[in-house]
Amino acid sequence: SGYPYRLLRLPTPSPIYDEGERLPATYANFLIINKAVICPTYAQPSFDKEALNTISMAFPHHEIIPLDARTIIRQHGSIHCLTMQYPIGVL
């Protein structure tokens, strides 16, 4: 569209471990749907708040929906990753 990119800095959550294995906690793995953005949170209030504020700046006309992603990241992905594949026979 002829407009420059606007780069917004997201915080990095403190490391989260499961049985000694570091899990892929990131705020960048959000999902944009219709007029909402589902955003991962990690029970880290200051980082979660900063990330949600930054994402709301990027999507000012969307509802920002926080979702605790600590269980999801145990599968080595997060919210966006959950929506990328369909099992054979679903479509």
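Residues numbered from 1 in each chain as written. Predicted model: local features only at pLDDT ≥ 70, side-chain atom pairs only at ≥ 80, totals over all residues. Heavy atoms only, no water.

> Residues and numbers for the side chain of Gln44, please.
Tracing the sequence through the fold places Gln44 in the loop between strand S4 (36-41) and helix H1 (45-58). Discounting chain neighbours no more than four positions away, the residues touching Gln44 are Pro13, Ser14, Ile16 and Tyr27. (Helix = DSSP H or I, 4+ residues; strand = E, 2+ residues; numbered from the N terminus. Contact = heavy atoms within 4.5 Å.)

> An account of H1 is requested, with residue identities and associated values reported.
Along its 14 residues, H1 runs 20 Å from first to last C-alpha, staying within 8% of the 20 Å computed at 1.5 Å per residue. When we look at burial in H1, the residues that qualify are Asp48, Ala51, Leu52, Thr54 and Ile55. An end-on view of H1 places all buried positions within 165° of arc, on one side of the element. Facing away from the buried surface of H1 by more than 90 degrees, the exposed residues are Pro45, Ser46 and Lys49. (Expected span 1.5 Å × (residues − 1). Buried < 20%, exposed > 50% of the residue type's maximum accessible area, 1.4 Å probe, protein only. Arc of directions from axis to C-beta.)

> Please provide a residue-by-residue account of unusual backbone geometry, values included.
At Glu19, a position not held by glycine, the phi torsion is positive, near 50°. The topology assignment puts Glu19 in the loop between strand S1 (17-18) and strand S2 (21-22). For Asn34, which is not glycine, the phi dihedral falls at a positive 40°. Inspection of the secondary structure assignment puts Asn34 in the loop between strand S3 (31-33) and S4. What makes Asn34 exposed here is its relative accessible area of 75%.

> Describe the side chain of Asn29, and please don't skip the residues or the numbers.
Secondary-structure assignment places Asn29 in the loop between S2 and S3. By relative accessible area, which is 13% here, Asn29 ends up buried. In this structure the side chain of Asn29 is engaged in a polar contact, spanning 2.7 Å, whose partner is the backbone nitrogen of His80. For Asn29, the residues in contact, after removing those within four places along its chain, are Pro40, Ser78, Ile79, His80 and Cys81. (Polar contact = N/O pair within 3.5 Å; in protein donor to acceptor, adjacent residues only side chain to side chain.)

> Can you tell me about the nonpolar core, naming the residues and giving the values?
By size, the foremost hydrophobic cluster in this structure holds 12 residues: Ile16, Leu23, Ala25, Tyr27, Leu31, Ile38, Tyr42, Ala51, Ala69, Ile72, Ile73 and Ile79. Within the second largest apolar cluster, six residues are counted, among which are Val37, Cys39, Leu52 and Ile55. (Core = buried A, V, L, I, M, F, W, Y, C linked by side-chain atoms within 4.5 Å.)

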